[in-house]
Each structure stands twice: as structure tokens, then as C-alpha cells.
Amino acid sequence: MGGLWLTAWRSLELCAGRWGRAASLTTAGLRLEPLLRPWRSGTRAPDGGLRRLGTWGLRSQARGLLLQPPRRPKSTNPFTRAQEEAWRRRNKTVLTYVTAAAVAMLGASYAAVPLYRLYCQTTGLGGSAVAGHGSDQIENMVPVKDRIIKVTFNADVHASLQWNFRPQQTEIYVVPGETALAFYKAKNPTDKPVIGISTYNVVPFEAGQYFNKIQCFCFEEQRLNPQEEVDMPVFFYIDPEFAEDPRMVNVDLITLSYTFFEAKDGHKLPVPGYH
Amino acid sequence: MSTAMNFGTKSFQPRPPDKGSFPLDHLGECKRFQEKFMKCLRDSHFESARCRSESKDYLECRMERQLMAPEPLEKLGFGDLMAEEPATQDRC
């Protein structure tokens, strides 16, 4: 819109030709030009404004914006200009460092996952806070006789498995550091051999870390012939460190729960790296 | 296995047993020992500490019949029971 006015001024100036007032007209135009273009604010070098007078087309305006000369320092004093240049350079360096630090942090958070996995593999902790147990520990462990824990047993079957699976004792009283034996019984009432595979769960979760099975019947395929009934033992112990854990002070009941699934060919249970 | 869909809570990680899985006793070779153990448990109100010698007998039966990898009983936590036996034998 402002451009129209300016071309009008320009044409007037051309038409005026040798009129003495032409010069004053152009200066008036120059003074009015900042007001006529409200969408362009800020001070501008005098010659830059005149250059845009004749090129008011949209495409050429855009081109003018792209081909903008680099931002000039605001002051004309050469000493402060040098300082401004130095500040600008310093700001750019700081911005580069900050951006690099942000990108590095983001990369570190992504890299932490495989690195932690590697650390667990090398130290052998395997995701559990308690270090691995050896048979030497079983040999040398001392039962904590004043802490009696009740272990209850639970048995479940998956809906598609037609076994009768139940514990042979509902509960057993053990102390940490002493090995104990418990039995489950499973019967196959069908006329076909069925293969089952089981997994277990210990409640409460924190106590489950101290519950160690020396030998049991889980995570391996167990085959039952038609009309066969077997006893399935579980040989376990509770780590004596259980008695020293402050979080376990109120834990007197641990529930061991087994669930049997039918093992189909090609169907893999997510067993924990066993065999 | 707990299939809790809670974000952030730790889920239970089942661990494989230390010595693997018991082979099934299809022929019931150690059934007598198992019945003795269960009777002892019921008599002692399910206190595991009182029936440890019966459980030791059961595991020994399994080891004899190749239903369990043979292992010195001290390593299975029966060290105190083994220590008692030589003493009783000496007395006899």
C-alpha cells in the first residue's frame, strides 16, 4: 500500500522534471516513507529505503529480504563497534557450547540403556540387586532360628491344560538359612499324554529376591502319561540375609505360586535364560 | 509370572533353580519316602525344621535312583544332620 504512494511520488517527480520542487518532493517522500510502511519498523540506512521504492512487487520484496545485507553494528563509533563484534562472537561461542552440551546429554541418556546392560553382564548381577548364590553359601549358611516364616503354596493351571495340579501341604513353617522340601501333586486325567511347563511367582515381591530354589520342576517340559499322577518336589531355602533386611521386618508370610501351562510345539514360554 | 502393566513398578523376575529341574518320578520309586515326609510334616504341624531327616532320606532316594544329580548332602544344607550321624554311629 505504501508502495503505491511512493510510485505516485516518483511519477510526480518525473513529471515535474525540471521543477525546483522535485527535490523537495523527494525529500518529503523520504521523510514520509517510514510512516507509509508500518510493517517494516526500525531504523534503516537512508539509501536502503530509496532502493526499495521502485521495487514494490511481492516477489522482489521477498528477494530483498533474503538478500539482506548482514546486520550492521548499531553504533557508528569504531571502538564500540569492535566491542560489539567481540560480544557477538562470544555469544555465538557460548551458544555453540550450550547446544553441544544439550545434545551430549540427550545422547548420554540414550546410551545409558545398553551401557547399563553391559555393566550388568560384566559384573554378573543380571538385574538383581542381590549377588549370585553358590553352593558354598548353602553349605556355610547358619539358620536364623528366631525368625519363623510361614510359606503358603498355591497351584494354578492354565485353562487349556486339563491337569489336576495342587500342593500337598497348604503351608510350611521355615526359618531363613535352612533348606526345606515341599511337594505338589499333578494328575493327568485325560487319555492322551500331555506336556506341561510351569513358572512360579513369589509374593511379596521384595521377599521374592531372598527366595532361592535349589531344585524344582519349573521351566522345563514335564510330560505326564494318561491317568498318571506324580509328586513334584520343590527344594528351597530363604536367604539368611532376609533377617537383616530392614524392609523385611514385618514380612511373616511368603506365598509361592506355581502355574502350569500346556507346552505346545513351537510355543516358547519366556523362560529366564535357562538351558 | 506377574503381568502387571504398571509403568515404573518392578515386575517379578523368576529365576531358574540353582540345580535345575527335578526329573519326574514316573515310577513312584521314592513315593514311600515322600509319604513318610508328608506324614512327619502333618504330625509336626508343618514345621519344616522337624522333618529335615525325612527330607534328607527322600533326596538320597532320588540320588540313588538317578532322579537327581548326586551331590554331597552338606552342599544341600544338611551339614548339621551329617555331622550328627557319625557321632551316633560312634556311640553305637
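The rules we used
- Residues numbered from 1 in each chain as written.
- Chains lettered and ligands numbered in written order.
- Predicted model: local features only at pLDDT ≥ 70, side-chain atom pairs only at ≥ 80, totals over all residues.
- Heavy atoms only, no water.
- Helix = DSSP H or I, 4+ residues; strand = E, 2+ residues; numbered from the N terminus.
- Buried < 20%, exposed > 50% of the residue type's maximum accessible area, 1.4 Å probe, protein only.
- Contact = heavy atoms within 4.5 Å.
- Areas by Shrake-Rupley, 256 points an atom, 1.4 Å probe, with all protein chains shown as cover.
- Phe/Tyr/Trp six-rings, centres within 6.5 Å; stacked < 30°, edge-to-face > 60°.
- Lys NZ or Arg CZ within 6 Å of the ring centre and 35° of its normal.

Asks: I'd love a proper account of the overall build of chain B, names of residues and values included.
Replies: Looking only at helices and strands, one finds 3 helices and 0 strands in chain B. Starting at the N terminus, the α and β elements of chain B follow one another as α-α-α. For chain B, the proportion of its 92 residues judged to be buried stands at 37%. For chain B, the share of sequence-separated contacts (at least 6 apart) that also reach a separation of at least 24 residues comes to 48%. Split by element, the accessible area of chain B, about 5600 Å² in all, is 52% carbon and sulfur.

Asks: Go over the environment of Met82 of chain B, please, and point to the residues and values.
Replies: Examined against the element boundaries, Met82 of chain B turns out to sit in helix 3 (residues 79-91). Placed 29 residues apart in sequence, Met82 of chain B and Ser53 of chain B show a C-alpha to C-alpha distance of 9.7 Å.

Asks: Let's hear about the packing of aromatic side chains: which residues, and what values?
Replies: The relative placement of two aromatic rings is captured by the distance of their centres and the angle of their planes. Applying the stated criterion across every chain yields a total of 18 aromatic pairs over all chains. Residues Phe165 of chain A and Tyr184 of chain A carry aromatic rings whose centres are separated by 5.2 Å and whose planes lie at 15 degrees to one another, so their mutual orientation is stacked. With Phe165 of chain A in strand 2 (residues 164-167) and Tyr184 of chain A in strand 4 (residues 179-187), the pair connects residues that are 19 residues apart, well separated along the chain. Each member of the pair, Phe165 of chain A as well as Tyr184 of chain A, carries the same accessibility label: buried. When the ring of Tyr200 of chain A is compared with that of Phe219 of chain A, the centres are 6.0 Å apart and the planes differ by 65 degrees; the resulting orientation is edge-to-face. Here Tyr200 of chain A is found in strand 5 (residues 194-203), whereas its partner Phe219 of chain A is found in the loop between strand 6 (211-215) and strand 7 (222-224), with 19 residues between them in sequence. The pair formed by Tyr200 of chain A and Phe219 of chain A is uniform in burial state, with each residue classed as buried. Above the plane of the ring of Phe33 of chain B lies Arg32 of chain B, whose end atom (NZ or CZ) is 5.4 Å from the centre.

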